[in-house]
Amino acid sequence: MLMLISSLIERFSGVAHELPVNARVNLAGRFTAERYDGRVLKIEGDRARVCWPKGEKTYEYLNDLVRIDEDVVLH
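Residues numbered from 1 in each chain as written. Predicted model: local features only at pLDDT ≥ 70, side-chain atom pairs only at ≥ 80, totals over all residues. Heavy atoms only, no water.

This part is about unusual backbone geometry. For Asn-22, which is not a glycine, the phi torsion comes out positive at approximately 75 degrees. Note that Asn-22 resides in the loop between α1 (2-13) and β1 (24-27). In the Ramachandran plot, Asp-37 falls in the positive-phi region, its phi being about 60 degrees despite a non-glycine side chain. If you trace the backbone, Asp-37 turns up in strand β2 (residues 35-44). (Helix = DSSP H or I, 4+ residues; strand = E, 2+ residues; numbered from the N terminus.)

So this is what it looks like as structure tokens:
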């Protein structure tokens, strides 16, 4: 029920997140420790299911995730 409410609030508030599934992310935690090099498994409302390098899976708010740019730069 909580996910439904948060999804509706996000939809009508105009907040859009450009974070696709399988994107590499870091967690910029305000009140928790920072985490590095996670993969987005699923997005539900304003939260994402993220898998971290040692296999730990957590739900994180999209606002706390920072996408890692994977574009290849050729010099």
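Looking at the element boundaries, Gly-38 is found in strand β2. Taking the C-alpha atoms as reference, Gly-38 lies 5.4 Å from Cys-51; in sequence the two are 13 residues apart. Beyond its immediate chain neighbours, meaning those up to four positions away, Gly-38 contacts Ala-23, Arg-24, Val-25, Val-50, Cys-51 and Trp-52. (Contact = heavy atoms within 4.5 Å.)

Attention shifts here to the pattern of salt bridges. Enumeration according to the criterion identifies three salt bridges in this entry. Asp-37 is paired through a salt bridge with Arg-24; the nearest N and O atoms lie 2.7 Å apart. Highlighted residues: Asp-37 in strand β2 and Arg-24 in strand β1, separated in sequence by 13 residues. Here Arg-24 falls in the partly exposed class, since its relative accessible area comes to 23%. Glu-44 serves as the salt-bridge partner of Lys-42, at 3.1 Å between the closest nitrogen and oxygen. For Lys-42, a relative accessible area of 41% puts it in the partly exposed group. Its relative accessible area of 26% is what places Glu-44 among the partly exposed residues. (Salt bridge = Lys/Arg side-chain N within 4 Å of Asp/Glu carboxyl O. Buried < 20%, exposed > 50% of the residue type's maximum accessible area, 1.4 Å probe, protein only.)

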